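Structure at a glance
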Amino acid sequence: MDLAHTEEEEDFRARLRKWLTAVLPGLPPKPDPTDWPGRRAYDTAWQRMLYDAGYGDLHWAAAPTRRLIFLEETELAGAPYVGANFVGLLHAGPTIAAEGTAGQRERWLPPILKGENVWCQGFSEPEAGSDLASLRTRAVRDGDHYVVSGSKIWTSHAEVADWCELLVRTDPDAPRHRGITWLAMPMDALGVTVRPLRTLAGTAEFAELFLDEVPVPVANRVGEENDGWRVTMVTLSYERGTAFAGEVVACRRVLAELAREARKNGRWDDPVLRRRLGRLNAEFRALWRLIQWNVSEAEATGSVPGVGGSVFKLCYSHARQELYDAAAEVLGGADALDLDREWVHERLSSLSYTIAAGTSQIQRSIVAERILGLPKGR
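The rules behind each value
Residues numbered from 1 in each chain as written. Predicted model: local features only at pLDDT ≥ 70, side-chain atom pairs only at ≥ 80, totals over all residues. Heavy atoms only, no water. Helix = DSSP H or I, 4+ residues; strand = E, 2+ residues; numbered from the N terminus. Buried < 20%, exposed > 50% of the residue type's maximum accessible area, 1.4 Å probe, protein only. Contact = heavy atoms within 4.5 Å. Areas by Shrake-Rupley, 256 points an atom, 1.4 Å probe, with all protein chains shown as cover. Core = buried A, V, L, I, M, F, W, Y, C linked by side-chain atoms within 4.5 Å. Phe/Tyr/Trp six-rings, centres within 6.5 Å; stacked < 30°, edge-to-face > 60°. Lys NZ or Arg CZ within 6 Å of the ring centre and 35° of its normal. Salt bridge = Lys/Arg side-chain N within 4 Å of Asp/Glu carboxyl O. Pairing = 2+ DSSP bridges.

1. Structural notes on the overall build of the chain
Counting its regular elements, the chain contains 12 helices and 8 strands. The buried share of the chain, reckoned over its 378 residues, is 51%. Pairs at least 24 apart in sequence give 73% of the contacts found in the chain among residues at least 6 apart. Carbon and sulfur atoms form 52% of the exposed surface of the chain, whose accessible area is close to 17600 Å².

2. Concerning the nonpolar core
Judged by nonpolar contacts, the single largest core of 40 residues is most densely connected at Trp19, Trp46, Tyr55, Phe70, Val248, Phe284 and Leu323. Elements with a contribution of two residues or more to this core: α1 (7-23), α2 (36-52), α3 (64-76), α7 (245-265), α8 (271-301) and α9 (308-331). Not counting residues up to four positions away in its chain, the partners in contact with phenylalanine 284 are Val248, Cys251, Arg252, Leu255, Tyr316, Ala319, Arg320 and Leu323. Counting residues in each nonpolar core, the second largest holds 25 residues, with Ala133, Leu135, Leu167 and Val231 among its members.

3. Description of the packing of aromatic side chains
Under the defined criterion, the tally for this structure stands at 7 aromatic pairs. Both rings, one in tryptophan 108 and one in tryptophan 119, keep their centres 6.0 Å apart while their planes meet at 90°; by these two values the pair is edge-to-face. Here tryptophan 108 is found in helix α5 (residues 102-113), whereas its partner tryptophan 119 is found in strand β1 (residues 119-122), with 11 residues between them in sequence. Relative accessible area serves as the criterion here: at 1%, tryptophan 108 is assigned to the buried category. With a centroid separation of 5.8 Å and an interplanar angle of 20°, the aromatic rings of tryptophan 119 and tryptophan 163 are classed as stacked. With tryptophan 119 in strand β1 and tryptophan 163 in strand β4 (residues 163-169), this residue pair connects regions lying 44 residues apart in the sequence. Of the two residues, tryptophan 119 and tryptophan 163, both sit in the buried class. Grouping aromatic residues by their ring pairs yields a cluster made of Phe12, Trp19, Trp46 and Tyr55. Sitting over the ring of tryptophan 36, arginine 39 keeps its end group 3.8 Å from the ring centre. The aromatic ring of tyrosine 146 is capped on one face by arginine 141, whose charged end is 5.8 Å from the ring centroid.

4. A look at the pattern of salt bridges
Summed over the entire model, instances satisfying the criterion amount to 22 salt bridges. Among the ionic pairs, glutamate 72 bridges to arginine 13, the shortest N-O distance being 3.3 Å. Of this pair, glutamate 72 sits in helix α3 while arginine 13 sits in helix α1, and the two are 59 residues apart along the sequence. Considered together, glutamate 72 and arginine 13 belong to a single accessibility category, that of buried residues. The residue arginine 13 makes a salt bridge to glutamate 73 at a minimum N-O spacing of 2.6 Å. Residue arginine 13 is found in helix α1, and its partner glutamate 73 is found in helix α3; the two are separated by 60 residues along the sequence.

5. Quick word on the pairing of strand β5 (residues 180-186)
Along any regular strand the residues' side chains alternate between the sheet's two faces. With 7 of 7 residues buried, β5 lies mostly within the body of the structure. Across the two faces of β5 the burial is the same, with Ile180, Trp182, Ala184 and Pro186 and Thr181, Leu183 and Met185 all buried. The pairing of β4 with β5 spans 7 bridges and is antiparallel. By the bridge assignment, tryptophan 163 is partnered in β5 with proline 186. Two strands pair when backbone bridges link them, and β5 and strand β8 (residues 221-222) are joined in this way by 2 bridges, in the antiparallel orientation. The residue of β8 that forms the bridge with tryptophan 182 is valine 222.

The structure is reproduced here in structure tokens:
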């Protein structure tokens, strides 16, 4: 693995830094975290700015190392994150780029890159979360359409989305991993009902999705019928392999802020706290190197991120939770955190990371079976 950057990559970094320095001061204030229509408008406007400046396609069209430079520099500069665009840019878009037909790529990718379309993720169901292959949402072929009925839960950004990456069961008699199909469903189709879910942090970026005989064109199928599980593994590889890269940079920035605050308020004198922050610093530096390793492997083989993404996801989820536990300790406990809404939101949302994008238990099973070669559990 070569972690050194080429002259061209460093030139790209310099040009990106210059552009960010010029445009970020002119951005409007961020909307309230609970205002998802406002956040959609803010996030899509930023994506359009990136597109117009030539940075819109970095999430899947550029070389992985250049993509990491982009994520690192935008986060260090305090640029907006993908926000409401994250499913389209980090999950559905890369999947369509890898598995879609030429017509599908032409149809769906440019609107994602221009900030014109927002996608949501319709994977989990009330009885099919970690055990995703148990999903029951049915799609019955009727001529040139599928008729879809069922429900989804934890559907990210459904209330502001134009499209949904949807997993359905097209063959109920097949082994459960072999009867699944990946569809792109328009959210304005007849029979789609969205019911927002309020999280512990007080926001509603998730929703329940109810599907009552929703017609979805067969042309919206990505991959072959009943081959959706393999396509889904491509989606999850991106989700676990590189989708959190910017967040690792953000966590390192937060850690530096905590160290500065601890020096100001006297908490730095506590050797236990110093060791804790030092260990977290080492963990996040190692996680960044792991991302680079995963990306280098994908770039060398010309493939999607591999099972190393599960190692990353497992370690990152727990490190992020401990980071915000340490933040509570540095800032003085719950009373101090109540004074800063952003810290409260981040601490509460960190609790979800051992569940989102595949639970830690699932990641341990993947590591055990596919990396360590251990027998499958019963």
